[in-house]
Amino acid sequence: MFGRKPAVSEEQVLNALRVVQEPDLHRDLVTLNMIKNVKIEGAKVSFGIELTTPACPFKNKMQEDARRAVAALPGVQDVVVDMQSSTTTDQRIRGQLNIPVKNTIAVASGKGGVGKSTVTVNLAVALAMDGAKVGLLDADVYGPNDHIMMGAPKQPLMADAETKKIQPVIAHGIKLMSMGFLVEPDQALVWRGPMLHGVIRQFLNDVDWGDLDYLMIDLPPGTGDVQLTLAQSVPLTGAVMVTTPQDVALADVRKGITAFEKLEVPILGVIENMSYFICPKCGERTEIFSYGGGRRAAKEWELPFLGEIPLNPDIRFGGDSGTPITIAKPESPVALAFRDVARQVAARVSVQNFSRKSPMTIATGDIQVVKR
């Protein structure tokens with residue numbers, strides 16, 4: 001038996017898919033080589049779309065657009081689209097460090113008290129929930145909190161007998177390293193810059209991070225030794241700035257952005273935390289710290305606005321209990337807000353890596369990302 005005659009050719013399928021765009025990269029899926037394994041069996045067409053991140057915010061849209069484009073071909077009766085992912089890699093990292101980490105994302109703030117660590121922890125969890133392999137480095141050496149927020153078990157750090165590398169602690173499926181594992185809770189560190197420099201480099205090079213899609217790095221507030229050490233020690237794929245809406249926080253964020261620009265670290269975008277409060281009893285919305293400052297600032301500074309996170313007691317409870325709200329209440333509006341922001345961060349990482357490969361300027365909404 002020779003089987004059924006194909007209704008269309010592979011060339012026709014690919015031509016149909018040229019109308020489907022990757023929304024962040026603004027190029028069609030065929031040109032970006034994202035179409036994989038086209039199979040045609042009679043009137044049935046199947047193929048894969050290889051995303052640049054498992055946390056792609058436009059996954060469902062691209063899948064449906066591709067399905068409709070091919071289904072419109074004469075003779076096609078059934079279309080199967082398999083969504084896959086292969087996270088883009090910042091090639092500079094493996095070129096300079098012997099660690100199999102694809103992307104390094106610094107989460108920073110100009111001042112303390114804006115919820116930067118809470119945001120970092122929930123972004124890391126959200127990326128992992130979408131299928132990414134994630135590590136979390138708490139670089140706030142003087143005030144480490146991430147191990148508490150992640151509910152990480154208190155245990156002695158062990159080194160692998162063969163590689164001699166320190167084994168990170170696993171919490172909620174995320175590889176975690178923090179100074180909190182090395183000092184007692186009430187022990188204060190009184191260190192000068194060179195000692196900070198040494199421990200940050202050890203956390204990067206001497207920890208067995210394994211093959212990670214994203215290493216999230218929770219920075220201390222401000223623009224001090226840790227930020228400088230990181231920029232000198234590892235190529236940072238990009239930095240995310242966390243702020244609250246009021247003017248005093250935004251003024252300090254501007255200083256942080258300027259510092260990263262001097263260090264030639266791309267800014268992936270701005271997140272507005274504690275954006276508003278919804279009363280759980282009456283449903284009334286209150287903008288405790290003003291509202292919209294992060295969005296206005298991002299527009300003024302020509303940066304992507306990655307999203308807003310509301311103020312909610314469950315976020316605090318999740319951090320104190322060691323179960324982030326993205327895990328404790330995954331379908332809550334706050335958890336969904338964190339997941340949306342995490343996908344925006346992942347999308348900007350893909351754009352940043354693509355811009356490094358491409359000699360052309362890539363439009364991303366109202367901004368232009370240019371190869372450095």
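Everything numeric here is computed off the predicted structure, so don't read it as measured data.

Cut-offs applied
- Residues numbered from 1 in each chain as written.
- Predicted model: local features only at pLDDT ≥ 70, side-chain atom pairs only at ≥ 80, totals over all residues.
- Heavy atoms only, no water.
- Axes fitted to C-alpha atoms, helices over the stretch in contact; angles between N-to-C directions.
- Helix = DSSP H or I, 4+ residues; strand = E, 2+ residues; numbered from the N terminus.
- Parallel < 35°, antiparallel > 145°, perpendicular 65-115°, else oblique.
- Contact = heavy atoms within 4.5 Å.
- Nonpolar A, V, L, I, M, F, W, Y, C, P; charged D, E, K, R; others polar.
- Pairing = 2+ DSSP bridges.
- Buried < 20%, exposed > 50% of the residue type's maximum accessible area, 1.4 Å probe, protein only.
- Core = buried A, V, L, I, M, F, W, Y, C linked by side-chain atoms within 4.5 Å.
- Polar contact = N/O pair within 3.5 Å; in protein donor to acceptor, adjacent residues only side chain to side chain.
- Arc of directions from axis to C-beta.
- Salt bridge = Lys/Arg side-chain N within 4 Å of Asp/Glu carboxyl O.

Enquirer: Teacher, can you tell me more about the packing of helix H4 (residues 116-129) against helix H12 (residues 333-357) here?
Expert: Working note: a packed helix pair is described by the angle between its axes plus the distance between those axes. H12 packs onto H4 with a crossing angle of 80° between their chain directions and a minimal axis gap of 8 Å. When the axis of H4 is compared with that of H12, the two are roughly perpendicular. Listed contacts from H12 to Val119, Asn122, Leu123, Ala126, Leu127 and Met129 of H4 are Phe338, Arg339, Val341, Ala342, Val345 and Ala346. Tallied by class, the residues present in the contact of H4 with H12 amount to 10 nonpolar, 1 polar and 1 charged.

Enquirer: Would you take a moment to explain the sheet that holds strand S3 (residues 35-41) for this structure?
Expert: Paired through their backbone hydrogen bonds, the strands of a sheet run either parallel or antiparallel. If you trace the 3 strands from one edge of the open sheet to the other, you get S3-S4-S5, paired in mixed fashion. Of all the strands in the sheet, the pair left with one neighbour each is S3 and strand S5 (78-85). With strand direction ignored, the average angle separating the axes of adjacent strands in the sheet is 10°. Bridge count for strand S4 (residues 44-51) against S5 is 8 bridges, and the pairing is parallel. Looking at the pairing, Ser46 lines up with Val80 of S5. Contacts between helix H1 (residues 10-17) and the sheet are confined to S3 and S4, with S3 contributing the most and set at about 130° to the helix. In this fold helix H2 (residues 59-71) packs onto S4 and S5, with an angle of close to 150° to the strand it touches most, S4.

Enquirer: How do you make sense of unusual backbone geometry when you look at a structure like this?
Expert: Excluding glycine, residues mostly have negative phi values, and the peptide bonds linking residues are mostly trans. Phi is positive for His172, close to 55°, though the residue is something other than glycine. Structurally, the position occupied by His172 is in the loop between strand S8 (169-171) and strand S9 (174-178). Backbone geometry places Glu302, a non-glycine residue, at a positive phi of 55°.

Enquirer: Help me out: how do you make sense of the pairing of strand S7 (residues 134-138) in this one?
Expert: The side chains of a regular strand alternate, residue by residue, between the two faces of the sheet. Across the 5 residues that make up S7, a large majority, 5, are buried. Covered by surrounding structure in S7 are Val134, Leu136 and Asp138 together with Gly135 and Leu137, the residues of both alternating faces. Bridging between S7 and strand S10 (residues 214-218) involves 5 bridges; their strand directions are parallel. Within S10, the residue paired with Gly135 across the bridge is Leu215. In this structure, S7 lies alongside S9, joined through 4 bridges in parallel fashion. Counterpart to Leu137 in the pairing with S9 is Met177.

Enquirer: Just checking my understanding: could you explain the side chain of Thr88 for this structure?
Expert: Within the secondary structure, Thr88 is located in the loop between S5 and helix H3 (91-96). With sequence-adjacent residues up to four places away left out, Thr88 is seen in contact with Thr52, Lys102, Asn103, Val349, Ser350 and Asn353.

Enquirer: Please explain the nonpolar core as it appears in this structure.
Expert: When a protein is soluble and globular, its nonpolar side chains tend to lie buried together. Counting residues in hydrophobic clusters, the biggest one holds 81 residues, and the most contacted among them are Leu127, Met216, Leu219 and Leu230. With 8 residues, H12 is the largest single contributor of residues to this core. Beyond its immediate chain neighbours, meaning those up to four positions away, Leu127 contacts Ala55, Ala132, Val134, Tyr214, Met216, Ala342 and Ala346. Membership of the second largest hydrophobic core comes to 27 residues, among which are Val20, Val38, Cys56 and Phe354.

Enquirer: In this structure, what is going on with the pairing of S9? I would like to understand it.
Expert: With 4 of 5 residues buried, S9 lies mostly within the body of the structure. As paired strands, S8 and S9 are joined by 3 bridges and run antiparallel to one another. By the bridge assignment, Ile170 is partnered in S9 with Lys175. Between the antiparallel neighbours S8 and S9 lie 2 residues, among them His172 with a positive phi of about 55°.

Enquirer: Looking at this model, I keep getting lost on the environment of Phe181. Mind explaining?
Expert: Position of Phe181 relative to the elements: it lies in the loop between S9 and helix H6 (193-205). Taking the C-alpha atoms as reference, Phe181 lies 7.4 Å from Gln155; in sequence the two are 26 residues apart.

Enquirer: Sorry, what's going on with the side chain of Thr52 here?
Expert: Residue placement: Thr52 occurs in the loop between S4 and H2. A polar contact is formed between the side chain of Thr52 and the side chain of Ser350, at a distance of 2.9 Å. In this view, Thr52 contacts Glu22, Leu25, Ser86, Thr87, Thr88 and Ser350; residues no more than four positions away in its chain are not counted.

Enquirer: Help me understand H1 in this model?
Expert: Owing to its 3.6 residues per turn, the α-helix brings residues three or four apart onto one side. Buried within H1 are the following residues: Val13, Ala16 and Leu17. One side of H1 holds all its buried residues, which, seen down the axis, span an arc of 95°. Each element contacted by the buried residues of H1 is listed here: S3, S4 and H2.

Enquirer: Looking at this structure, I do not really get the sheet that holds strand S6 (residues 104-108). What am I missing?
Expert: With mixed pairing, the 8 strands of this open sheet are ordered in space as S8-S9-S7-S10-S6-S11-S12-S15. The open sheet has two edge strands, S8 and strand S15 (305-308), and neither has a second partner. The mean angle between the axes of side-by-side strands here comes to 25°, regardless of whether they run parallel or antiparallel. Pairing analysis gives 5 bridges linking strand S11 (residues 238-243) to strand S12 (residues 267-272), with the strands arranged parallel. Within the sheet, the bridge partner assigned to Val242 lies in S12 and is Ile271. With respect to the sheet, H4 is in contact with S6, S7, S9, S10, S11 and S12, its orientation differing from that of S10 by roughly 170°.

Enquirer: Mind showing me how you'd approach the pattern of salt bridges here?
Expert: Pairs may arise between side chains of opposite charge once their charged atoms sit close together. This structure, assessed with the given rule, holds 14 salt bridges. Taking the shortest distance from any N to any O, the salt bridge between Lys61 and Asp65 comes out at 2.7 Å. Within this pair, Lys61 and its partner Asp65 are both found in helix H2, separated by 4 residues, close to a single helical turn. Owing to a relative accessible area of 46%, Lys61 belongs among the partly exposed residues under this scheme. A salt bridge links Arg94 to Asp211; the shortest N-O distance between them is 3.5 Å. Of this pair, Arg94 sits in helix H3 while Asp211 sits in the loop between H6 and S10, placing them 117 residues apart in sequence. Residue Arg94 is classed as partly exposed on the basis of its relative accessible area, which comes to 39%.

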